[in-house]
Amino acid sequence: MASHGQNSKAGNSNVDDRKTDGGKEPPCSLGLTNSPSTPSTSGTSGSQPRGQRNLPHSVMRSPTSTSEALDSLDYMFDNLSIVVVGASGDLAKKKTFPSLFDLYSHGYIPEHVVILGYARSHKSDEELRAQLKPFLVKHGDADKVDNFLEKIVYRSGEYNDKNAFASLHGELLEFEASQGISNTTNRLFYFAIPPNVFLDTARSIHGTAVSPSGWTRIVVEKPFGHDYDSCERLSEGLGELFTEDHLYRIDHYLGKEMVQNLICLRFANEFLEPLWNRDHVQCVLITFKEDFGTQGRGGYFDKSGIIRDILQNHLTQVLSLVAMEPPVRVSGPGHSDFVRDAKVQLLECIPSVTVDDVVLGQYTGDEKHEGYLDDTTVPNESRTPTFCSAVVRIHNRRWDGVPFILKAGKALDDRKAEIRVQFRQPPAGQYMFDGRPMPPNELVIRLQPKEAIYLKTNVKAPGLRSAPLQSELDLSYHLRYPDTYNPEAYTRLLLDILRGQQSTFVRNDELLASWKIWTPLLHAIEQGKIQPIPYAYGSRGPAEADELAKKVGFVYSGRYTWMSPAAKI
């Protein structure tokens, strides 16, 4: 695979081959134009060090910009093609193209880029641009949207048609030669397609369309199989074509601000590490709640269910970051593998979840809302759970005996995702305070909406009373950092792909370790060994889930509700 760019880094140190023609762009044979509003990287001075010419303004202004961060933008000074496979689908329109535009509008995609949409449906360049425009205008001004759309072209073909990809390759070569930016050409292929055509598409690219001189990166969306065996087959198929250096398996939760903040929160704050273990932590609750149902898409959801959709990937990824041992490094050379090594080591310590560890649920309707089985696209006798609360146990020295409760559901009483680390009671606390109840301390990390970190603490009640009262030390991001550019998860992850930083992507062994945890439970559900419990639309879910949490040690206190500081002003 070295011939496919594995050993050709985006950070090629030779800068003498850059054009210095005062910014004049060569003619584009595909009919694409470069916007005159932003200086082209081809017109930069050769006297400036590579990685410091025409950098995005947000990087140049940042007080935390380091030489490492600047070097990781070397792709800006090479020829660049981005191919969105499945360009006519919902994922591409709603996530992929808006995220690419977000990067472009902030200066993280160069003016000389070509973005090529590929799918089976027949349409013109203008038709695709017209379809994309409504999804882009909310992310930037009209001029930038128009400039970005001019860089997009569209080609149609089957995903297993190597001749179509060979033709695409020829057109890309023609355009890349006309860019004249560098002797190095990089290509990113984004798979916004169903998993059943992953391998056909990968074979077509491998056979005809890899970059001849730079890196080739393949971006794969979940689901990565539907159980351990199917995931293994898919991984083996991709592994025969591309090495892990080429593959970027996206789990968009790894791009969320607060999920990425977990590493900094844990390893950059000395006071937390002595508490982050079985001696001080009572239990950990990781929650994903939606306050709406399947909304007419029940037929699609029924093929996966809440475990495959949320727990096996998103929540398991969050769990691994919360509980893993400190990696050797979390930035700098080699950090991508160091972080993922630590996650795999943690996942290998988790036994398979059994039916005794879970409560499943399926929501029912009321006068205003239809139930899951009322959805005409859902089979009448479906046993697919729309709710799951599962107790996960970690058998290592740090966490042995501490329950990790992963809970996710649809049509619940709230919309939120959060991590709640509940600490043990202070020794002799109730005796010291004359028998008064002592609510447990909790560190809560709110992933969405309105990202926040708050620590629930016990303080003296104000005034003449001396009883302990629960309050919080609160960091709400939208209040503390109101003017900070805080992009969507897909935008962050696409930038990581361009930079070649893989720590926020799921490695093959990590993926298999996760499926090993959940596959026995999934098979037991399919065999009818456990049934989902009905729960009312808009409720907390089955009452049995709260009972399970209480049984393993979680202390629920209905007396306290976190209030956003904005609501107190």
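The residue count restarts for each chain, going from 1 along the sequence in the order it is written. The predicted nature of this model means local features are confined to residues of pLDDT at least 70 and side-chain atom pairs, given and counted, to a pLDDT of 80 or more, with totals for whole chains, interfaces and linings taken over all residues. Water and hydrogen atoms play no part in the side-chain values, which are based on all heavy atoms of the structure.

A. Seen up close, the overall build of the chain. Helix numbering and strand numbering both begin at the N terminus, where a helix is a DSSP run of H or I of at least 4 residues and a strand a DSSP run of E of at least 2. Within the chain, the secondary structure is distributed over 18 helices and 15 strands. Burial status follows relative accessibility: with a 1.4 Å probe on protein chains alone, a residue under 20% of its type maximum counts as buried, one over 50% as exposed, and anything between as partly exposed. Residue burial in the chain is summarised as follows: out of 569 residues, 54% are buried. By sequence separation, contacts in the chain at least 24 residues apart represent 79% of the contacts at least 6 residues apart. With an accessible surface of roughly 25,000 Å², the chain has 51% of that area assigned to carbon and sulfur atoms. Throughout, a contact is declared for two residues whenever any of their heavy atoms are within 4.5 Å. Calculation of accessible area relied on Shrake-Rupley with a 1.4 Å probe; when residues are assessed, cover is drawn exclusively from the protein chains displayed.

B. How the structure looks around the packing of aromatic side chains. Each aromatic pair joins two rings of Phe, Tyr and Trp (for Trp, the six-membered one) with centres within 6.5 Å, and gets the label stacked for planes under 30 degrees apart, edge-to-face for over 60, and tilted for any other angle. This model, assessed by the stated rule, comprises 13 aromatic pairs. Between the aromatic rings of phenylalanine 301 and tyrosine 372, the centroid separation amounts to 6.0 Å while the plane-to-plane angle is 80 degrees, which identifies the pairing as edge-to-face. Placement of the pair is phenylalanine 301 in helix α10 (residues 298-301) and tyrosine 372 in the loop between β8 (358-364) and β9 (387-393), with a sequence separation of 71 residues. Classification of phenylalanine 301 as buried rests on a relative accessible area of 5%. For the pair tyrosine 363 and tyrosine 537, a centre-to-centre distance of 5.6 Å together with 90 degrees between the ring planes defines the contact as edge-to-face. Remark: tyrosine 537 occurs in the loop between β15 (533-536) and α17 (543-552) and tyrosine 363 occurs in strand β8; sequence separation between them is 174 residues. Comparing tyrosine 363 with tyrosine 537 shows no difference in burial state: the two are buried. Through successive ring pairs, a cluster of aromatic residues spans Phe301, Tyr363, Tyr372, Phe387, Tyr535 and Tyr537. The side chain of lysine 256 reaches across the aromatic face of tyrosine 253, ending 5.1 Å from its centre. Charges are assigned to positions over rings by a cutoff of 6 Å between ring centre and Lys NZ or Arg CZ, combined with an angular limit of 35 degrees from the ring normal. A cation sits over an aromatic face here: arginine 540 above tyrosine 556, 4.9 Å from the ring centre.

C. Representation of the packing of helix α11 (residues 305-323) against helix α16 (residues 508-526) within the structure. Only the stretch in contact is used when a helix axis is fitted, and all axes are lines through C-alpha atoms; the angle between N-to-C directions ranges over 0 to 180 degrees. The interhelical angle for the contact between α11 and α16, taken along N-to-C directions, is 145 degrees, at an axis separation of 10 Å. Every pair of crossing elements has a handedness; the one defined by α11 and α16 is right-handed. From α11, Ile307, Arg308, Leu311, Gln312, Thr316 and Gln317 reach across to α16, where they touch Glu510, Leu511, Ser514, Trp515, Trp518, Leu521, Leu522, Ile525 and Glu526. A per-class count over the contact of α11 with α16 returns 8 nonpolar, 4 polar and 3 charged. It is the rotation of the near helix from the far one that decides the hand of a crossing: anticlockwise by less than a right angle makes it left-handed, clockwise makes it right-handed. Residues are grouped as follows: Ala, Val, Leu, Ile, Met, Phe, Trp, Tyr, Cys and Pro are nonpolar; Asp, Glu, Lys and Arg are charged; all remaining types, including Gly, are polar.

D. Representation of the pairing of strand β1 (residues 79-85) within the structure. Of all 7 residues that make up β1, 7 are buried, and the element is covered over most of its length. The side-chain alternation of β1 yields two buried faces, one formed by Asn79, Ser81, Val83 and Val85 and the other by Leu80, Ile82 and Val84. Think of it this way: DSSP has to see at least two bridges between two strands before they count as a pair. Where β1 lies against strand β4 (residues 185-191), 7 bridges are found, and the strand directions are parallel. Counted as the bridge partner of serine 81 is arginine 187 from β4. Of the pairings in the sheet, the one linking β1 to strand β2 (residues 114-119) comprises 5 bridges and is parallel in character. For valine 85, the partnering residue across the bridge sits in β2 and is tyrosine 118. Here is how to tell: hold the view so the strands point away, follow the path from the first strand over the helix to the second, and if it runs clockwise the crossover is right-handed. You can see the chain leave β1, run along helix α3 (residues 90-105) and come back into β2, and the turn it takes is right-handed.

E. Quick look at the packing of helix α8 (residues 228-239) against α16. In contact at an axis separation of 9 Å, α8 and α16 are set at 165 degrees when each is read in the N-to-C sense. In terms of orientation, α8 and α16 fall into the roughly antiparallel class. Handedness of the α8/α16 crossing: left-handed. Contacts between α8 and α16 involve Tyr228, Cys231, Glu232 and Ser235 from the former and Asn508, Leu511, Leu512, Trp515, Lys516 and Thr519 from the latter. Partitioned by chemical class, the residues of the contact of α8 with α16 number 5 nonpolar, 3 polar and 2 charged. Each angle is binned into one of four classes, with values under 35 degrees roughly parallel, values over 145 roughly antiparallel, values of 65 to 115 roughly perpendicular, and all other values oblique.

F. Expanded view of the pattern of salt bridges. By definition here, a salt bridge exists when the distance from a side-chain nitrogen of Lys or Arg to a carboxyl oxygen of Asp or Glu is within 4 Å. This model, assessed by the stated rule, comprises 26 salt bridges. For the salt bridge of aspartate 337 with arginine 507, the shortest nitrogen-to-oxygen distance reads 3.1 Å. Here the residue aspartate 337 occupies a position in helix α12 (residues 335-347), and arginine 507 occupies one in the loop between α15 (489-499) and α16, the gap between them amounting to 170 residues. Given the relative accessible area of 11%, arginine 507 is considered buried. One salt bridge in this structure joins lysine 343 and glutamate 510, with 2.7 Å as the shortest N-O distance.

G. Up close: the environment of serine 72. The topology assignment puts serine 72 in the loop between α2 (67-71) and β1. Remark: the alpha-carbon pair of serine 72 and leucine 495, spanning 423 residues in sequence, is separated by 9.8 Å. Discounting residues that sit within four places of it in the chain, serine 72 has contacts with Arg499 and Gln501.

H. Examining the sheet that holds β1 more closely. Pairing within the open sheet is parallel, and its 6 strands lie in the order β3-β2-β1-β4-β5-β6. Looking at strand neighbours, the two that pair on one side only are β3 (152-156) and β6 (247-250), the edges of this open sheet. In this sheet, neighbouring strand axes are inclined to one another by 20 degrees on average, regardless of whether the strands run parallel or antiparallel. Its contacts with the sheet place α3 against β1, β2, β3, β4 and β5 (216-221), and it is angled at close to 165 degrees to β1.

I. Layout of the confidence of the model for the chain. Of the residues in the chain, 84% have a pLDDT of 70 or more, and the chain-wide mean is 84. A residue's pLDDT is the predictor's confidence in that residue, given on a scale from 0 to 100. Confidence over residues 1-53 falls short of pLDDT 50; this stretch has 118 contacts with residues more than four positions distant or in other chains.

J. Representation of the side chain of serine 81. Locating serine 81 in the fold gives a position in strand β1. Given a relative accessible area of 0%, serine 81 falls into the buried group. Serine 81 has contacts with Val114, Leu172, Glu176, Gln179, Asn186, Arg187 and Leu188, leaving out every residue within four places of it along the chain.

K. Spatial organisation of the pairing of β2. In terms of residue burial, β2 counts as a mostly covered element, since 6 of its 6 residues are buried. Of the two faces of β2, the one lined by Val114, Leu116 and Tyr118 and the one lined by Ile115, Gly117 and Ala119 are each fully buried. In terms of strand pairing, β2 meets β3 through 5 bridges, oriented parallel. When the sheet's bridge partners are listed, tyrosine 118 is paired in β3 with arginine 155.

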